[in-house]
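Observations on chain architecture
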Amino acid sequence: MAAPAFKNALVRWIDHRLPVFTFLQHELHEYPTPKNLSYWWNFGSLAGIVLVVMILTGIFLAMHYTPHTAFAFDSIERIMRDVNYGWLIRYIHMNGGSFFFIVVYIHIFRGLYYGSYKAPRELLWIIGVVILLLMMATAFMGYVLPWGQMSFWGATVITNLFSAIPLIGDGIVTWLWGGFSVDNPTLNRFYSLHYLLPFLIVGAVLLHLMALHRFGSSNPLGIDVKGPQDSIPFHPFYTAKDAFGLGIFLIAFAGVVFFAPNLFGEPDNYIRADPLVTPPHIVPEWYFLPYYAILRAIPNKLLGVIAMFGSILVLFIVPWLDTARVRSAKFRPTYRKFFWVLVVDCVVLGYVGANPPDGWFIVTGQVATAYYFFHFLILMPVLGLVERPLPLPHSISAPVLKPAEGKA
Amino acid sequence: MAEAATATKGHADGETRRDFIYLAAAGMGAVGAAATVWPFISFMNPSADVLALSTSEVDLKPVQEGMSITVTWRGKPVFVRRRTKAEIDTAAAAKLGDLPDPQPDAARVKKPEWLILVGVCTHLGCVPLGQKSADPKGEYGGWFCPCHGSHYDTSGRIRKGPAPKNLEVPPYAFLDDTTIRIG
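Residues numbered from 1 in each chain as written. Chains lettered and ligands numbered in written order. Predicted model: local features only at pLDDT ≥ 70, side-chain atom pairs only at ≥ 80, totals over all residues. Heavy atoms only, no water.

Moving on to the interface of chain B and chain A. Across the boundary between the two partners, chain B contributes 23 residues, which contact 24 residues of chain A. Regarding the contact of chain B and chain A, the summed buried area is about 2100 Å², with carbon and sulfur atoms giving 65% of it. The largest per-residue losses of area from chain B upon contact with chain A belong to B:M44, B:L124 and B:H148, which jointly make up 29% of the total buried on that side. At the junction of chain B with chain A, the criterion picks out 0 salt bridges. In this assembly, chain B and chain A are joined by 9 residue pairs in polar contact (both at pLDDT 80 or more). Secondary-structure elements contributing two or more residues to the side of chain B that touches chain A are α3 (48-52) and β3 (76-82) of chain B. (Contact = heavy atoms within 4.5 Å. Buried area = accessible area lost by both parts, 1.4 Å probe. Salt bridge = Lys/Arg side-chain N within 4 Å of Asp/Glu carboxyl O. Polar contact = N/O pair within 3.5 Å; in protein donor to acceptor, adjacent residues only side chain to side chain. Helix = DSSP H or I, 4+ residues; strand = E, 2+ residues; numbered from the N terminus.)

Moving on to unusual backbone geometry. For the bond running from A:A119 to A:P120, omega is 5 degrees, close enough to zero to count as cis. Considering the arrangement of structural elements, one finds A:P120 in the loop between α5 (86-114) and α6 (122-144). A cis amide bond links A:H235 to the next residue, A:P236, at an omega of 5 degrees. Relative to the helices and strands, A:P236 is located in helix α10 (residues 234-259). Despite not being glycine, A:L167 has its phi angle at roughly 65 degrees, a positive value. Residue B:R74 is not a glycine yet carries a positive backbone phi of 50 degrees. Note that B:R74 resides in the loop between β2 (68-73) and β3.

Quick look at the sheet that holds strand β7 (residues 158-160) of chain B now. Residue and element names in this part refer to chain B. The 3 strands lie next to each other as β5-β6-β7, forming an open sheet whose pairing is antiparallel. The open sheet terminates on both sides in strands that have one partner only, identified here as β5 (141-145) and β7. Strand-to-strand twist of the sheet, defined as the mean angle between neighbouring strand axes without regard to direction, takes the value 35 degrees. Sheet topology places strand β6 (residues 150-153) next to β7; 2 bridges connect them, and they run antiparallel. What sits directly across from H151, in β7, is K160. (Pairing = 2+ DSSP bridges. Axes fitted to C-alpha atoms, helices over the stretch in contact; angles between N-to-C directions.)

It is worth spelling out the environment of A:A240 at this point. For A:A240, the position within the fold is in helix α10. In this structure A:A240 comes out as partly exposed when scored by relative accessible area, which is 45%. (Buried < 20%, exposed > 50% of the residue type's maximum accessible area, 1.4 Å probe, protein only.)

With that settled, the discussion passes to the domain arrangement of chain B. Each assigned domain of chain B is listed here: domain 1 (1-45) and domain 2 (51-182). The centre of domain 1 of chain B, based on its C-alpha atoms, is set 55 Å off from the matching centre of domain 2 of chain B. (Domains from an automatic or database assignment.)

Residues and elements named next belong to chain B. Among the secondary structure elements, R81 is positioned in strand β3. Residue classification places R81 among the buried positions, given a relative accessible area of 2%. A polar contact of 3.5 Å, which involves the side chain of R81, links it to the backbone oxygen of G141. Not counting residues within four places of it along the chain, the set of residues in contact with R81 comprises M67, S68, E87, E113, W114, L115, G130, K137, G141, G142 and W143.

Counting across every chain of the model gives 14 salt bridges over all chains. A:D322 serves as the salt-bridge partner of A:R332, at 3.5 Å between the closest nitrogen and oxygen. Of this pair, A:R332 sits in the loop between α13 (318-321) and α14 (333-353) while A:D322 sits in the loop between α13 and α14; the two residues are 10 residues apart in sequence, bridging distant segments of the chain. For A:R332, a relative accessible area of 1% translates into the label buried. One salt bridge connects B:D177 with B:K111, and the closest N-O pair in it is separated by 3.4 Å. Within this pair, whereas B:D177 is found in the loop between β8 (172-176) and β9 (179-182), its partner B:K111 is found in the loop between α4 (85-93) and β4 (114-118), the two being separated by 66 residues in sequence. Relative accessible area serves as the criterion here: at 60%, B:D177 is assigned to the exposed category. By relative accessible area, B:K111 is classed as partly exposed at 30%. Through salt bridges that share partners, A:K118, A:D322, A:R332 and A:E387 make up one connected network.

Our next topic: the pairing of β3(B). Residue and element names in this part refer to chain B. Counting buried positions over the 7 residues of β3 gives 6, a clear majority of the element. The sheet contact formed by β2 and β3 spans 6 bridges and is antiparallel. Bridge pairing in β3 places V71 opposite V78. As consecutive antiparallel partners, β2 and β3 are separated by 2 residues, and within that stretch R74 has a phi angle of approximately 50 degrees, a positive value. Judged from the 5 bridges that link them, β3 and β4 form a sheet pairing that is antiparallel. Opposite R82, over in β4, you have W114 as the bridge partner.

What follows is about the packing of α6(A) against helix α9 (residues 184-215) of chain A. In a pair of packed helices, the angle between the axes and the distance between the axes together describe the arrangement. Residue and element names in this part refer to chain A. Two numbers describe how α6 lies on α9: the axes approach to 8 Å, and their chain directions differ by 160 degrees. Comparing their axes, α9 and α6 come out roughly antiparallel. Here the hand of the crossing between α6 and α9 comes out left-handed. Among the residues forming the contact of α6 with α9, the class breakdown is 21 nonpolar, 5 polar and no charged. (Parallel < 35°, antiparallel > 145°, perpendicular 65-115°, else oblique. Left-handed = near helix turned anticlockwise from the far one by under 90°. Nonpolar A, V, L, I, M, F, W, Y, C, P; charged D, E, K, R; others polar.)

This paragraph deals with the sheet that holds β2(B). Residues and elements named next belong to chain B. The 3 strands are arranged β2-β3-β4 in an open sheet whose pairing can be described as antiparallel. This sheet does not close on itself; its edge strands, each paired only once, are β2 and β4. Neighbour-to-neighbour, the strand axes of the sheet open up by a mean angle of 25 degrees, direction not taken into account.

The next point concerns the side chain of A:D242. Residues and elements named next belong to chain A. Of note, D242 is situated in helix α10. A polar contact of 3.4 Å, which involves the side chain of D242, links it to the side chain of S45. D242 has contacts with W41, N42, S45 and F234, leaving out every residue within four places of it along the chain.

Glancing now at the domain arrangement of chain A. All names here are of chain A. The assigned domain composition of chain A is domain 1 (35-220 + 234-282) and domain 2 (286-386). For domain 1 versus domain 2, the separation of C-alpha centres amounts to 22 Å. The interface of domain 1 with domain 2 comprises 36 residues on the first partner and 36 residues on the second. When domain 1 packs against domain 2, close to 3200 Å² is buried across both sides, 72% of that on carbon and sulfur atoms. Broken down residue by residue, the surface that domain 1 buries against domain 2 is led by Y113, K118 and L161, which jointly contribute 21%. Applying the counting criterion to the domain 1 and domain 2 interface returns 1 salt bridge. Taken together, the links from domain 1 to domain 2 amount to 13 residue pairs in polar contact (both at pLDDT 80 or more). Of all the elements in the fold, those that place two or more residues in the side of domain 1 that touches domain 2 are α5 and α6.

What follows is the structure, given as structure tokens:
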């Protein structure tokens, strides 16, 4: 594509030396995008916007937060009560974390439904899983900073997962803590890393976008763009669609921030951390509940930890586990049903993770865990080979244009 | 091409002296990188002031028979229980074959009356209940971890639940009959 002719002389002068305007023109304006994207394709840009919101509110919170075991809890309460609009900035940051995961989980399930991870977008998907892991680490360490009871005991339980590693496990845990229990050195390093990781996420997001723009978005039909008639420029069509989706998202987000700010929180975290008293019922934040259920489903400590990490690591190889040649579940009647079973399975895991591990919750958790791995490790490869997909349309435009041609 | 001819002379498999230089340089680079990374890893380990706080002295005089106290050592709770005769007998009577982590009671105490334990569940680090008289003590009369349901007996040994090991016995010494130093 030739460099666009900019009207403004200063823009032309800069662009000749540093072609940022050409770059933006290509990637955000002309960028040819399949014209059949549904609203499920809004969640990527939404996730990017939430990331910016989290970084901005986080930087401001850091101006009033004190990372010390003796002052952290009080400094949060001070932000809530005394600092101008402190309640607002904190509630945006706190609920922003939950909404980040809501948006990203929808984004991931969209990818699973429409086969967005398939060739040639495997690396795009893998970078996405890396972003998910970075987000989880960031969210976990951020939750420790208010130094409430759930902060402290969540940190204790999660760091203790590493003690399951044979031989060197205890040494690793001491190293992670910087002491012999979760204490001030732990809080300090979590704060440092909680500030660092979001910028690594920004870096991973840029790679994610680079990989995305190489072949462009996938689309609900899962077939490649065959020519200019199948795509439209990103601006103004998808900028407008994304902006509309953002508006809807912000209504929901503001609704929670202003009317139910503690909806996703645990009351116990408004109790100052006490290293000598464990709360009777420890639960992680809602977005970790399915993994927590997988951890507890397996009675052996080491195997439980392996299964928990395995539940995310398995996502890395999904592009190769899925043997189907058709991308979109729209044309895979059987896979489509099992996709929804997986969604329900994840919700069941979350529900089990939120409840104490006794009675039928144990069995349910074990069945749901087994199904989770069955879906990825057995169902995906086998179904791709045996399933007979529905006939694909010839192009993205074909299903739309054919009836019109027929009439004429 | 005279140099090339010299360099490959006697090295039919294509190896040259330059390969040695590459390997030596890469090896030296790896050593340098490791030496640089080491201080950063060590930086995160417990510091001198944290290590300096690693002993605690406990006065046992006020503890009556059947009573438990919780003291802090290295930021962790340590359970000190003055066991009753019945508790000592049950602990001693347990068959080693029934224990997930077999250890005789005698190996876990210096004086049978005094049981000293790190009050941290060996599963995922919660503090088990059983120190207060109203607490649930589990099915074996010792401690019960509410997080994931591990039961410990009157010797602090794991009997039931996901925890893999017995409650840890910290290093301690009797300074005199009524004082111990933990650590």
